[in-house]
Amino acid sequence: MKNFKYKKTTIILLLVGTIFLSFSFQSKFFEVAKQIEIYNTLFKELNMYYVDEINPAELTNKAIKNTLKDLDPYTNFYNEQDVENAKIRREGEYAGIGVAVYYTKSGIEISEVYKGYAADKIGLKAGDIIISAEGQSLKNMDREQLSMFLKGASNTKIAIEIERQGKIIKKEIVREQVEINPVPFYEMIDEETGYITLTQFNEKASSEVKKAFRELKKKGMTKLVFDLRSNPGGSLQEAINISNFFIPKGKVIVTTKAKIKKWSNTYKTNNEPLDLEIPVVVLVNGRSASASEIVSGSLQDYDRAVIMGQRSFGKGLVQRYRTLTYGTQLKLTISKYYTPSGRCIQELDYTNRDDKTGKVPKFSDKGINAFKTENGRTVFDGGGVLPDVEIKTSVKTEATEGLLESKAIFNFAIDYFYKNVKIDEVEKYQFTNADFKNFTDYLAIDTTFVTKQERLFAAAFLSTENKDISKEYQKIKEKLFQEKIVEISKNQDIISNLIEDEIVEKYYYKEGVYKHHLKNDLTLKEAVKLLQNQEKYKQILSGK
């Protein structure tokens, strides 16, 4: 009898739970439907009665992006043009002229020319601004409009006007198929040590790494430096494939945990590895993210490679594309990923963003947890992959962070290029202390790098009615500028390397930068040094 009552009570509780869940789901569904209806009626009223004409697509695009901006920076709405651009990044191919660009109010400014492609063939240079296409001015066009001009069907011509150092030049250019190779450079550093750099995890990543690895093996490679520095990530599957090159079949590479159960998965290696014995050093830095952290984290957890450089970015979030109506898409964060040892390397806690300040807290502020690698070494979560061998650099100041977000270094490199007909050959070029002084002097005329203090002071001066304080204004302005120079000079090591790369690229293309690194990059030199000392290499991985 007691058993019957127990079962009866259990059934009642289950029914109540089911009803509660059903009610909760219906309540949420009703709330979503309600808010959509409110937006629809608001939109109709605006469109019908607002005094000026409204662009429906632009208004909706802004509304959606504003809706998503407080979630995380990876959850985004893609209109039809955005979808096409994302497809190009994933597949690594498109029909265009072979350039990287900035979209500006003046037009399309070329930031990099890809060697051997259409733009290079007709002599376009970094710093050129395309101001018209097919007779249409590009001035004051928005980003989406500008992005449509250079891409098109292969073998189609486009007449352009460019502005170069104050001169207007007319050109005709033929669009062609452009392939973005995620492995732009690989070479033997010495008789035994190979070097492969991977810049992104597009759909060609694993096949290109495999190709480079096999060719270097033919040249006698017995040690490898694998460079993932400044690699922002990409395809999860490509990260798994590349990890599998050095890890046995059947090993867990990454685990994802999502709100939707079917999106929580454990991903294992499915293929026989390329090489389980070759000593490997993987290079990472603060801009190595996502898929780069999956590869470096898994190789570290299995003690398969020594990780060297600076702590990686800390992006432990996985996104997936969801198809919406009319050719649009939503890319949204669906899960967090965990390395084989159980680490989540996500650094920023977007869920607990401060509502008042908008500041995003760091998981590392709440404490860092220890985990064990296969050999029993201690590794940590709390943001990014911490290298086994850390290469110290100066700590970036707030001013330096602002400098790196601006175009000042690019602008200086263009100015340098037109003032210097040639530089030393690619392996020998050095950016000197005198050059750094010239750079800080140049910042006095650059308008792109403005600190928060300078911006607030300028705004305060413009708002005052008393314009008889211009002398005092100039003194304070000069003082703020000098303080800015002092702050960025604390990071001369970081900034000089970045400017050196930017300048070398202007003369010798991107491949020149990698050739320059082989002879001059300090982290690369430390990697080679470690690989030559196999006793120390093995000692690091053993954890003893």
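You'll find the structure just up there.
Reading the values: rules and limits
- Residues numbered from 1 in each chain as written.
- Predicted model: local features only at pLDDT ≥ 70, side-chain atom pairs only at ≥ 80, totals over all residues.
- Heavy atoms only, no water.
- Helix = DSSP H or I, 4+ residues; strand = E, 2+ residues; numbered from the N terminus.
- Contact = heavy atoms within 4.5 Å.
- Areas by Shrake-Rupley, 256 points an atom, 1.4 Å probe, with all protein chains shown as cover.
- Lys, Arg positive; Asp, Glu negative; His and termini not counted.
- Charge placed at Lys NZ, Arg CZ, Asp CG, Glu CD.
- Pairing = 2+ DSSP bridges.
- Polar contact = N/O pair within 3.5 Å; in protein donor to acceptor, adjacent residues only side chain to side chain.
- Salt bridge = Lys/Arg side-chain N within 4 Å of Asp/Glu carboxyl O.
- Buried < 20%, exposed > 50% of the residue type's maximum accessible area, 1.4 Å probe, protein only.
- Axes fitted to C-alpha atoms, helices over the stretch in contact; angles between N-to-C directions.
- Parallel < 35°, antiparallel > 145°, perpendicular 65-115°, else oblique.
- Nonpolar A, V, L, I, M, F, W, Y, C, P; charged D, E, K, R; others polar.
- Phe/Tyr/Trp six-rings, centres within 6.5 Å; stacked < 30°, edge-to-face > 60°.
- Lys NZ or Arg CZ within 6 Å of the ring centre and 35° of its normal.
- Core = buried A, V, L, I, M, F, W, Y, C linked by side-chain atoms within 4.5 Å.

A. Examining the overall build of the chain more closely. In terms of helices and strands, the chain carries 16 helices and 21 strands. Overall, the chain is about 100 × 75 × 55 Å in size when its C-alpha atoms are taken along their principal axes. Nonlocal contacts in the chain, meaning residues at least 24 apart in sequence, comprise 69% of its contacts between residues at least 6 apart. For the chain, the exposed surface amounts to about 30900 Å²; the carbon and sulfur share of it is 53%. Looking at charge distribution, the chain has the averaged site of its 83 positive side-chain charges lying 6 Å from that of its 75 negative ones.

B. Local environment of the pairing of strand β18 (residues 329-338). Here strand β1 (residues 76-78) runs beside β18; their pairing, made up of 3 bridges, is antiparallel. Counterpart to asparagine 76 in the pairing with β18 is lysine 331. Pairing of strand β13 (residues 252-258) with β18, which is carried by 4 bridges, proceeds in the antiparallel orientation. Each residue of the ladder has a partner; that of alanine 258, found in β18, is serine 335. Adjacent in sequence and paired antiparallel, strand β17 (residues 317-323) and β18 are bridged by 5 residues, among which tyrosine 326 carries a positive phi angle near 55°.

C. How the structure looks around the side chain of aspartate 446. Looking at the element boundaries, aspartate 446 is found in the loop between α11 (433-442) and α12 (452-463). One polar contact links aspartate 446 to threonine 448, side chain to side chain, over a distance of 2.5 Å.

D. Quick peek at the pattern of salt bridges. This structure, assessed with the given rule, holds 24 salt bridges. We note a salt bridge from lysine 251 to glutamate 374, for which the minimum N-O separation is 3.2 Å. Of this pair, lysine 251 sits in the loop between α7 (236-244) and β13 while glutamate 374 sits in the loop between β19 (370-372) and β20 (378-380); the two residues are 123 residues apart in sequence, bridging distant segments of the chain. Classification of lysine 251 by relative accessible area gives partly exposed; the value is 28%. Residue lysine 490 pairs with glutamate 487 through a salt bridge whose shortest N-O separation is 2.8 Å. For lysine 490, a relative accessible area of 48% gives the class partly exposed. Glutamate 487 gets classed as partly exposed once you look at its relative accessible area, which sits at 27%. Salt bridges sharing partners connect three or more residues here, namely Glu502, Glu505, Lys506 and Lys510.

E. Representation of the packing of helix α6 (residues 205-218) against α7 within the structure. Between α6 and α7, the shortest axis-to-axis distance is 8 Å and the interhelical angle comes to 25°. Taken together, the axis directions place α6 and α7 in an arrangement best described as roughly parallel. Residues Ala205, Ser206, Ser207 and Val209 of α6 form the contact with α7, whose participating residues are Glu238, Asn241 and Ile242. Its residues assigned to classes, the contact of α6 with α7 comprises 3 nonpolar, 3 polar and 1 charged.

F. Expanded view of the sheet that holds strand β15 (residues 280-284). The mixed open sheet is built from 6 strands, whose spatial order is β10-β11-β12-β15-β16-β21. The outermost strands of the open sheet, each flanked by one partner alone, are β10 (185-188) and β21 (389-390). Looking at chain direction, β15 and strand β16 (residues 306-309) are connected through 4 bridges and run parallel. Across the sheet, the residue bridging to valine 284 is glycine 309, located in β16. The strands that helix α8 (residues 291-301) touches are β12 (223-227), β15 and β16; relative to β15, the one it contacts most, it runs at about 140°. Here helix α15 (residues 522-532) sits on the sheet in contact with β11 (193-197), β12, β15, β16 and β21, set at roughly 160° to β15.

G. Region of the structure containing the environment of alanine 458. For alanine 458, the position within the fold is in helix α12. In this structure, the C-alpha to C-alpha distance between alanine 458 and tyrosine 473, residues 15 residues apart in sequence, is 8.8 Å.

H. Structural context of the packing of aromatic side chains. Applying the stated criterion across every chain yields a total of 16 aromatic pairs. On the basis of an interplanar angle of 90° and a centroid distance of 6.4 Å, the ring pair of tyrosine 74 and tyrosine 350 is categorised as edge-to-face. Of this pair, tyrosine 74 sits in the loop between α2 (56-68) and β1 while tyrosine 350 sits in the loop between β18 and β19; the two residues are 276 residues apart in sequence, bridging distant segments of the chain. Owing to a relative accessible area of 14%, tyrosine 74 belongs among the buried residues under this scheme. When the ring of tyrosine 102 is compared with that of phenylalanine 410, the centres are 5.1 Å apart and the planes differ by 75°; the resulting orientation is edge-to-face. Highlighted residues: tyrosine 102 in strand β3 (residues 99-103) and phenylalanine 410 in helix α10 (residues 408-419), separated in sequence by 308 residues. Residue class for phenylalanine 410 comes out buried when judged on its relative accessible area of 4%. By way of ring pairs, the aromatic residues Phe412, Tyr416, Tyr429, Phe431, Phe436, Phe439 and Tyr442 are connected into one cluster. When the ring centre of tyrosine 338 is taken as origin, the NZ or CZ atom of lysine 257, which lies over that ring, is 4.6 Å away. Directly above the aromatic system of phenylalanine 449 lies the positively charged group of lysine 484, at a separation of 4.5 Å from the ring centroid.

I. Here's a closer look at the packing of α15 against helix α16 (residues 534-542). Look at α15 against α16: their axes get within 5 Å of each other, and the N-to-C directions meet at 95°. In terms of orientation, α15 lies roughly perpendicular with respect to α16. Taking contact as the criterion, the partners of Leu530, Leu531 and Gln532 in α15 are, on α16, Gln534, Lys536, Tyr537 and Ile540.

J. Structural context of the nonpolar core. Leu198, Leu224, Phe226, Ile242 and Val282 are the most contacted members of the largest nonpolar core, which totals 39 residues. Put simply, the parts of the chain that give this core at least two residues each are α6, β12, α7, β13, β15 and α8. Sorting elements by how many residues they give to this core places α6 first, with 5 residues.

K. Inspection of α8 at higher detail. With 11 of 11 residues buried, α8 lies mostly within the body of the structure. Just beyond α8, the residue with positive phi is aspartate 303, at close to 55°.

L. Summary view of the pairing of strand β8 (residues 167-174). The pairing of strand β7 (residues 157-164) with β8 spans 8 bridges and is antiparallel. Bridging from a neighbouring strand, glutamate 161 pairs with lysine 170 of β8. The turn linking β7 back onto β8 is made up of 2 residues, and glutamine 165 within it adopts a positive phi angle of 50°.

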